[in-house]
Amino acid sequence: MKEHLIKPGKKIDLRKIDPGDCGKWAGRKEEAKKLLEGLSSKLERLQEVMYAEHKQRLLIVLQAMDAGGKDGTIRSVFDGVNPQGVRVVNFKTPTTTELDRDYLWRIHSQVPARGEIVIFNRSHYEDVLVVRVHELVPEEVWKKRYRQIVNFEKMLVDEGTTILKFFLHIDKEEQKQRFLDRLNDPDKQWKFNPNDVDERRYWDNYMQAFETLLEKTSTNFAPWYVVPSNRNWYRNLVVTNTIVEQLKKLNMKYPELEGNIEDFKQAVQSS
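This one's a predicted model, so the numbers in the text were calculated from it and none came from an experiment.

## What to know about the overall build of the protein chain
So, point 1. The number of helices and strands found in the protein chain is eleven helices and six strands.
So, point 2. Computed over the C-alpha atoms, the radius of gyration of the protein chain is 20 Å, within 12% of the 18 Å expected from 2.2 N^0.38 for a compact globule of 271 residues.
So, point 3. For the C-alpha atoms alone, the extent of the protein chain along its principal axes is close to 70 × 45 × 40 Å.
So, point 4. Classification of the 271 residues of the protein chain by burial places 48% in the buried group.
So, point 5. Look at the contacts in the protein chain between residues 6 or more apart in sequence, and 82% of them connect residues 24 or more apart.
So, point 6. Accessible surface computed for the protein chain: about 15100 Å², of which carbon and sulfur atoms make up 47%.

So, in structure tokens, the structure goes:
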């Protein structure tokens, strides 16, 4: 899955990245689904070890256009993990209290603790996306934020947090179809927001904003992955595989029980 990794400083043209691409898995959907089942089992075990060991922290950042599949990714990838060790944070429009502070204040309070996986459904990157596209702050303000975000993430990594960032890449036609699917399904109509239609007018502006943030904030210590996401099964495969491979590198172990196991067994038997 390394072909989806954005190398630091690489120039990005999202028009040249096919959102429908499935790489070597094209035409092998059922085979990929079987592989995904195995990866999901591995993720469940790795997350359990991480929670038990209580040393590592993992932050996963999901960014996408509306209907890009953030919720679906979270449901599919983390379906079987222990909810005690996983937390999802959804950053919406800042409150008055949050606006009275620096833009990273509300972010920092939600980063993972030891043994925890935290998924950001949208994130601090909204402050170089929505803020830029809708000119909510002057350009000289949001331009500084790329460096500030990189420094913030470097501090988290230095303090023991592993960071993985995924841009779920769909095209404009796929977004339109997903909006229509929501409107045609009574069980999903609640997810439709009329404002999303207005946002489609800014599609090109958002693509430019995403290209800039990918170029300026993908680092060796907190990399971005651009995941072709028109096909949900391939998106889930890429994200799950990437997380599993990263967690394996942490060489985590279950903590050893202090004391004599046989004494504990005897105590249990006689209780």
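## Regarding the packing of helix H1 (residues 29-53) against helix H10 (residues 232-249)
So, point 1. At a closest axis distance of 9 Å, the pairing of H1 and H10 adopts a crossing angle of 35 degrees. For the crossing formed where H1 meets H10, the hand is left-handed. Contacts from Lys29, Ala32, Lys33, Leu35, Leu36, Leu39, Ser40, Lys42, Leu43, Leu46 and Met50 in H1 reach Trp233, Asn236, Leu237, Thr240, Asn241, Ile243, Val244, Leu247 and Lys248 in H10.
So, point 2. Classifying every residue of the contact of H1 with H10 by side-chain character gives twelve nonpolar, four polar and four charged.

## Brief notes about the pattern of salt bridges
So, point 1. One pass over the full model with this rule turns up 15 salt bridges.
So, point 2. The shortest N-O distance in the salt bridge between Arg106 and Glu98 comes to 3.4 Å.
So, point 3. Relative accessible area serves as the criterion here: at 21%, Glu98 is assigned to the partly exposed category.
So, point 4. A salt bridge links Glu139 to Lys143; its shortest N-O distance comes to 3.0 Å. Separated by four residues within a single helix, Glu139 and Lys143 lie in helix H6 (residues 139-158), roughly one turn from each other.
So, point 5. A relative accessible area of 49% means that Lys143 is categorised as partly exposed.

## Side note on the sheet that holds strand E4 (residues 117-121)
So, point 1. Strand order in the open sheet formed by six strands is E1-E6-E5-E2-E4-E3, with mixed pairing between adjacent strands. Single-partner strands in this sheet number two, and they are strand E1 (5-6) and strand E3 (86-90).
So, point 2. The pairing of E1 with strand E6 (residues 224-228) spans two bridges and is antiparallel. Across the sheet, Ile6 pairs through a bridge with Trp224, a residue of E6.
So, point 3. Where helix H9 (residues 203-217) meets the sheet, its contacts fall on E1, strand E2 (57-64), strand E5 (161-169) and E6, and the angle it forms with E6 comes to roughly 140 degrees.
So, point 4. Each of E2, E5 and E6 is contacted by H10, which is oriented at about 170 degrees to E5, the strand it contacts most.

## What about the packing of aromatic side chains?
So, point 1. Applying the stated rule across the entire model yields seven aromatic pairs.
So, point 2. Here Arg101 stacks its cationic end above the ring of Trp105, 4.5 Å away from the centre of that ring.
So, point 3. We note Arg145 situated over the ring of Tyr103; from NZ or CZ to the ring centre the distance is 4.3 Å.

About the criteria used
- Residues numbered from 1 in each chain as written.
- Predicted model: local features only at pLDDT ≥ 70, side-chain atom pairs only at ≥ 80, totals over all residues.
- Heavy atoms only, no water.
- Helix = DSSP H or I, 4+ residues; strand = E, 2+ residues; numbered from the N terminus.
- Rg over C-alpha atoms; globule rule 2.2 N^0.38 Å.
- Buried < 20%, exposed > 50% of the residue type's maximum accessible area, 1.4 Å probe, protein only.
- Contact = heavy atoms within 4.5 Å.
- Areas by Shrake-Rupley, 256 points an atom, 1.4 Å probe, with all protein chains shown as cover.
- Axes fitted to C-alpha atoms, helices over the stretch in contact; angles between N-to-C directions.
- Left-handed = near helix turned anticlockwise from the far one by under 90°.
- Nonpolar A, V, L, I, M, F, W, Y, C, P; charged D, E, K, R; others polar.
- Salt bridge = Lys/Arg side-chain N within 4 Å of Asp/Glu carboxyl O.
- Pairing = 2+ DSSP bridges.
- Phe/Tyr/Trp six-rings, centres within 6.5 Å; stacked < 30°, edge-to-face > 60°.
- Lys NZ or Arg CZ within 6 Å of the ring centre and 35° of its normal.

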